Structures are given as C-alpha cells and as structure tokens.
Amino acid sequence: MSRRTAMARWLPGAASVLLVLAAWEAAVRAGAVNPALLPAPSVVLSTLGGVLRAGEVFGPLRQTLQLMAAGYAIACVLGIALGIVMGRSEAGYRLFEPLVELVRPIPKPALIPPLFLFLGIGVKTMLFIVVLAAFFPVLINTVQGVRGIDPVLLNTARTFRLGRAAVVFKVVLPAALPMIAIGMRVSLAIALTLVIVAEMLAGENGVGFLILDMQRAFRIQHMYAWLVVLAAVGVALNAAFEWVERRLLPWRGRQ
Amino acid sequence: MKNHHLSAVRVTAPPDVPHPTPAARAIELDHVSRSFSSSEGELLALRDIALEVREGEFLAILGPSGCGKSTLLQIMAGLMPASSGQARLHGRPVDGPPEGMVYLFQQYAKSLLPWRSVAANVALAFEGDARYSRAQVRERAGQYLALVGLTGFEKHYPWQLSGGMQQRVAIARALAANPRVLLLDEPFSAVDALTRVELQTLILDLWRRHGLTVVLVTHDVDEAVFLSDRIAILSRRPTTVEEVIDTGIAHPRDAIATREHPRFLALRHALMERLLQRGGHA
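Keep in mind the model is a prediction, meaning the values are calculated, not measured. (Residues numbered from 1 in each chain as written. Chains lettered and ligands numbered in written order. Predicted model: local features only at pLDDT ≥ 70, side-chain atom pairs only at ≥ 80, totals over all residues.)

Asker: So, the sheet that holds strand E8 (residues 213-218) of chain B: which residues are in play, and what are the values?
Answerer: Residue and element names in this part refer to chain B. Strand order in the open sheet formed by six strands is E6-E7-E8-E3-E9-E10, with mixed pairing between adjacent strands. The sheet terminates laterally at strand E6 (101-104) and strand E10 (241-246), the two strands that pair on one side only. Pairwise comparison of adjacent strand axes, ignoring direction, gives a mean angle of 15° for this sheet. The sheet contact formed by strand E9 (residues 230-234) and E10 spans five bridges and is antiparallel. By the bridge assignment, arginine 230 is partnered in E10 with aspartate 246. (Pairing = 2+ DSSP bridges. Helix = DSSP H or I, 4+ residues; strand = E, 2+ residues; numbered from the N terminus. Axes fitted to C-alpha atoms, helices over the stretch in contact; angles between N-to-C directions.)

The structure is reproduced here in structure tokens:
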C-alpha cells in the first residue's frame, strides 16, 4: 500500500518534468529552435554520458564542492558564534547590529571586483565571497533563535547552576538549532550560487568556470551537460541537508 | 460584619503534629520589595515582605492569581533580584541561584529539554559534577526516575509522555540536584485533577523521605491545606504577607481521608471565604 501512495505522490511531479523534456525534444526536432543554441535533451544527455564515462566530471566537481564546503563551513561557524554573542548579550547586539545591517543588504557578487584588488583573482577571493554571502542567513537566524528561547528554559539552566559554557552548549545551542538550521539551509543554496559566480569571474577550473568556458568555446552541448551536473549537485545537497536535519532535530515541532 | 478571621476556626492541633522547634530558619525574606517599570510608571508588586521558612517544613504561599506569588518565589530562588530588602538561605544572602536549592517550574513542558531523553534530562542536574563517570550518571538518573515511578521510560523523549509524567521527570531532575530546599511554582496546576492528586501524594512522600524544606506557591486552597504545615496568605497588589497560619493536620496525610478531616474542611472553608471576598466576588 505504501509503495502505491508513494508512487501517487511522485507521479504528477515526474509527469510534469517528462512533459517539459518531451516538449523541448519535440521543439528541437521540429526545427522550432536552433539546435546549435539549444540542443535536444537527448543530445545533452548523451554528451553528459560521454563526459561521465571519460571521468572528466570528478576533477572540476571536486574543486567546486571543496571550495563551497570550506566557505560554507567557515560561514556557519562564524555565523553561529557571532549569533550567540548577539543573541545572548544586549551590548553585543547593540555593537554589531548596525554593522550587520549595513553589509547584509549588499548583493554579494558586487563585492567581487573590489575584492580582486585586495585578495587577487583567485581562490582567496572566491573563498571570501562564499563565506561572506553564506554568513548572514546563518547569523540572522541564530540571533533570532537565541533571542526566542523561552525564559523558562534559561531559568531552568540557572536553577541547576550550569556554568557559562554549559549553558551555551547544553541549552542555548540545541534550543536555537531548529532556527539555525533554517538559516543554514538558505545559506547552502547561497553558497552554491556564489561559488559558481566566483568561479566564472575568478576561477581556473571548477563547474562554474567550465560552464562559461564551454560557452565561450562554443561547445554548447558540453555547457548544457555541465548545467545538468550543477542541477544534480543542487538536488543532492538539498536532500543531504534534509536527511541530516531529520536526524539531528527529531524533536522539532513536538513541544 | 461577618468575621472571617482565621482564629475563628483555629482548633487545637493534634498531638502528633511535627513541631520543627527549635525552628532553624532555612529561608528568610527581610523586607523584600519588588517593583516593575511599566508604561504607567513604577508598579509595586511586592511590598515589604517579611517571611521565614523553617528548616524541614512544608510551607504554602497562598494568594489570588496575579498577586506576585511567582515573583516572590523567584526572588527566593535567586532567579530575580529584589528591588529592596534581602532574601537569605541558611543565613547567606541570595544573589543568584544558590547551591542546595532548586526551583520547579509550572510549565514543565518548557522546562524539560526536548532534545534530551528522559534520563538525560534528569542527568542535567548533576552531570557537570566530575565525580560521576558516564556509567554512574546513567545509574543515578535511573535511581531518581525510579523515585517518581518512571522506571522503563529512560529512553523516551519528553514529548512522548503525558503532562503528568513530564512533571514527574521534572521532579526527578530537581531531586537529582540533591537539594535541601525545593521551590514549587504551582507545579500541579497544568495537569488533570486525578494526576494532580497523585503528584501531590508523591511530593509529600518525597518531602518526608528526603527531609526537604519545601515552599509551594499556589492559588489552590485545597492543595495548600492538604500539603503544607503552614500557609502564608498573601494580599492583593501591592502584595504583603497578611497572615501565616499553622494547618495543624497530622502526617502522614491521605489523599482521601485527610480531605474529609474536620480540621481540613474548616480551614478550607475559612480560606476560600477569605480569598473570594478578597477577589471581590462575595
């Protein structure tokens, strides 16, 4: 029975995807679009198959994911740390809040050209911009999560005379984790976006660099093949995040 | 005018009432006042409260809703500073949650850590103590859960338990801190009537067996009379202690028989009359 309900849930979505692919394929074959600019999905898939078989996908993909993972991890640690300071201390909040509100609204890719001046056209700039962009959603959600902790919970920690570090690690951090996870999820998508943009502007390898490079070399089928790789990466990252979230936050929404 | 003063119902205490004399003082409230700033200026919640809690007694603080009972208890607990005056525990001024005293919250569901199992919640009270190994922490948590009748629920999570069971977990955790003084803030007001009677019996039993000093804040006359040795009656805002009375009901108390005792009924009658008139309902 459960297999049938699962199928019933997936079927409409799968059908819409297949429908769009079929329409695309038909449009190319009927000559409605120029196959030099938009090759048929069957052609893109076979190109992708060639790239995969040649093992050409792993080097660039590893490069991109490593850069993204490093930037994302640094952003999460910094965002959570500063978020706890701002959420726990009124003085900390008043000190950092104006600065945060000044930098946060800037579209982060706009900062890449000035960063070239200081960090050069390369990994340092790319890493910095991923960290900066992924930092703010984690920070904002951590501050909100920490400030929203029920006073009863904090007073419970006090009546059991927990020390400063114990309060943070045993009470504040887990209590704010559902909110922090929401910020981390937003940041995950932002980190992927920024790493691709950064690679296009400053990369020498990586998926973002290749997509632009293939377009410039007019290897259009390969460009689309790498776009498919990127889409798959996005889906996989999101699924992985959901899986971790479910395992780490089983109590969410149960209070 | 009808005399509703309590001396009218005072009867001779039965001979088996435990007399905590010479009365060692566990807690002293010395001219404690507390005000809050609001949009209409300073609001005086507690005015010049003087109260002593004797070592080993069960004291109830009884007053209408919104009279500042919880505020008073939080000042005793060191969770809130007094605006003026002083709270002392065993002679030492309270300027933060002191050792040997634990506050049990009315909102047990918010006080338990939902990401921790029942046993891990209990362990919060003592796991910071380096004397206990991991295995000892687990064993001790199990012992305290056994005290409140929750053996077998160690690995459950709070949200998998009923309200009454959650409050039992909170009670086990409070005891696990090995306190001499337990402060109870309307701990049974959020559970159903039968569970309330069960928990009251449990608390009385634990109080007797562990030689605790208990201060219970409640607006429930029945509960105050059933549980306590003495009852401090609070006035309306700005709150003061109007009178402290001895209940004079023998221990051990029985959930059914004690409530039919003439002394219980007379006290309950007088206190109800008094609280209702105070609230302007009469």
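There's plenty left to go through after this.
Asker: How would you summarise the packing of helix H8 (residues 164-202) of chain A against helix H9 (residues 206-216) of chain A if you had to cite specific residues and measurements?
Answerer: Residue and element names in this part refer to chain A. At their nearest, the axes of H8 and H9 sit 7 Å apart, and the two run at 55° to each other. Between H8 and H9, the angle is such that the two are oblique. Crossing angle aside, the handedness with which H8 passes H9 is right-handed. Residues Val195, Ile196, Val197, Ala198, Glu199 and Met200 of H8 form the contact with H9, whose participating residues are Gly206, Val207, Gly208, Phe209 and Leu212. For the contact of H8 with H9, the residue count by class is eight nonpolar, two polar and one charged. (Parallel < 35°, antiparallel > 145°, perpendicular 65-115°, else oblique. Left-handed = near helix turned anticlockwise from the far one by under 90°. Contact = placed C-beta atoms within 7 Å. Nonpolar A, V, L, I, M, F, W, Y, C, P; charged D, E, K, R; others polar.)

Asker: Please provide a residue-by-residue account of the interface of chain A and chain B, values included.
Answerer: Tallying the contact residues gives 16 residues for chain A and 19 residues for chain B. When contributions to the side of chain A that touches chain B are tallied by element, the ones reaching two or more residues are helix H7 (151-159) and H8 of chain A. A class-by-class count of the residues in the side of chain A that touches chain B yields seven nonpolar, four polar and five charged.

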